[in-house]
Amino acid sequence: MAISGASGILYGVKALQLLRDLNVETHLVVSKAGHLTRSHETDLTREELEAMADISYPINDVGAALSSGSFSTMGMIVAPCSMRTLAAIATGVSESLLTRAADVALKERRRLVLMIRETPLHLLHLRNMQAVTECGAVVFPPVPAFYTRPMTLDDIVTHSVVRALDLFGLDAKSIPRWGETIKLCEKERAIA
Ligand SMILES: Cc1cc2nc3c(=O)[nH]c(=O)nc-3n(C[C@H](O)[C@H](O)[C@H](O)COP(=O)(O)O)c2cc1C
């Protein structure tokens, strides 16, 4: 798990909560800007955030377990993923533990999910998204699904994070799903 300095740290917090509920062991690295957004967007202290993971590493600890492909993981999720972190991953610049761990996920052909957040996007953002996709990462902007009729911010955040965890084969939580809990209404069926 990584948290970088894009807005939306609640996506990372929710992922840590859901992974703990699933008894999935989590190893967390948070960028300096990630801690900045934590202080802007939550009341959590650094210690409280880090305690949500099983193991937490300093961002500069490029010798930590996550920096080696021999350390076995299911993969990595960066939630949220800033454009700066996206660019570093896209260009293979592994100067921090976060970007090194992402580089390891790519080289080991493990699942790497980037919950990128920025708008609007310029051409370099798009090119970087193309580059990481070509290397096997999944670019997963947490775009809300309104057909679920979310009532709270937590509904919106949870839905995106559960969908991101689906990509790891993890069934984190019951959420409204099209064709399951959400049924097509009769009028729509007639058109279909
Ligand atoms: C409150 C706040 C919100 C930000 N939101 C975004 C954002 O949504 N997307 C983004 O790419 N950068 C955003 N930034 C800028 C990044 O934090 C900045 O580019 C930083 O260098 C990213 O570093 P990192 O990738 O190492 O976390 C935000 C910064 C702050 C302080």
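Preceding block: the structure.
Summary of the structure given here. All values derive from a computational prediction rather than experimental measurement.

### Some words on the site of the ligand
- Around the ligand sit 14 residues, and of these Gly5, Ser31, Ser82, Thr85 and Arg117 come closest.
- At 2.6 Å, a backbone N or O of Gly5 approaches an oxygen atom of the ligand.
- One of the side-chain N or O atoms of Arg117 is found 2.6 Å from an oxygen atom in the ligand.
- Protein contacts shield 70% of the accessible area of the ligand, which totals 640 Å² for the unbound molecule.
- When contributions to the shell around the ligand are tallied by element, the ones reaching two or more residues are helix 2 (32–41) and helix 4 (83–91).
- Split by residue class, the shell around the ligand holds four nonpolar, seven polar and three charged.

### Examining the packing of aromatic side chains
- Evaluation of the coordinates by the stated rule reveals one aromatic pair.
- When the centroid spacing of 5.4 Å and the interplanar angle of 70° are considered together, the rings of Tyr147 and Trp178 count as edge-to-face. Taken together, the residues span a long stretch of sequence, with Tyr147 in the loop between strand 6 (138–139) and helix 7 (153–166) and Trp178 in the loop between helix 7 and helix 8 (186–191) at a distance of 31 residues.
- Under the relative-accessibility criterion, Trp178 is labelled partly exposed at 46%.

### Looking at helix 1 (residues 9–21)
- Compared with an ideal rise of 1.5 Å per residue, which puts 13 residues at 18 Å, helix 1 spans 19 Å between its outermost C-alpha atoms and is within 8% of the ideal.
- Every buried residue of helix 1 is accounted for by Ile9, Tyr11, Gly12, Val13, Lys14, Ala15, Leu16, Leu18 and Leu19.
- Just beyond helix 1, the residue with positive phi is Asn23, at close to 60°.

### Description of the state of the cysteines
- On inspection of all chains with the given rule, the structure shows zero disulfides.
- Its sulfur unpaired, Cys81 is 14 Å from the next cysteine sulfur, which belongs to Cys135.

### With respect to the nonpolar core
- Leu49, Ile77, Met115 and Leu165 are the most contacted members of the largest nonpolar core, which totals 30 residues.
- Secondary structure elements with two or more residues in this core: helix 1, strand 2 (27–30), strand 4 (75–81), strand 5 (111–116) and helix 7.
- If you tally residues by element for this core, the top one is helix 1, at seven residues.
- Ignoring any residue separated from it by four or fewer positions in sequence, one finds Ile77 in contact with Met1, Ala2, Val113, Met115, Ala164, Leu165 and Phe168.
- If you look at the next biggest cluster of nonpolar residues, it comprises 24 residues, including Ala2, Leu86, Ala105 and Ala137.

Rules used throughout
- Residues numbered from 1 in each chain as written.
- Predicted model: local features only at pLDDT ≥ 70, side-chain atom pairs only at ≥ 80, totals over all residues.
- Heavy atoms only, no water.
- Near = heavy atom within 4 Å.
- Polar contact = N/O pair within 3.5 Å; in protein donor to acceptor, adjacent residues only side chain to side chain.
- Areas by Shrake-Rupley, 256 points an atom, 1.4 Å probe, with all protein chains shown as cover.
- Helix = DSSP H or I, 4+ residues; strand = E, 2+ residues; numbered from the N terminus.
- Nonpolar A, V, L, I, M, F, W, Y, C, P; charged D, E, K, R; others polar.
- Phe/Tyr/Trp six-rings, centres within 6.5 Å; stacked < 30°, edge-to-face > 60°.
- Buried < 20%, exposed > 50% of the residue type's maximum accessible area, 1.4 Å probe, protein only.
- Expected span 1.5 Å × (residues − 1).
- Disulfide = S-S within 2.5 Å.
- Core = buried A, V, L, I, M, F, W, Y, C linked by side-chain atoms within 4.5 Å.
- Contact = heavy atoms within 4.5 Å.

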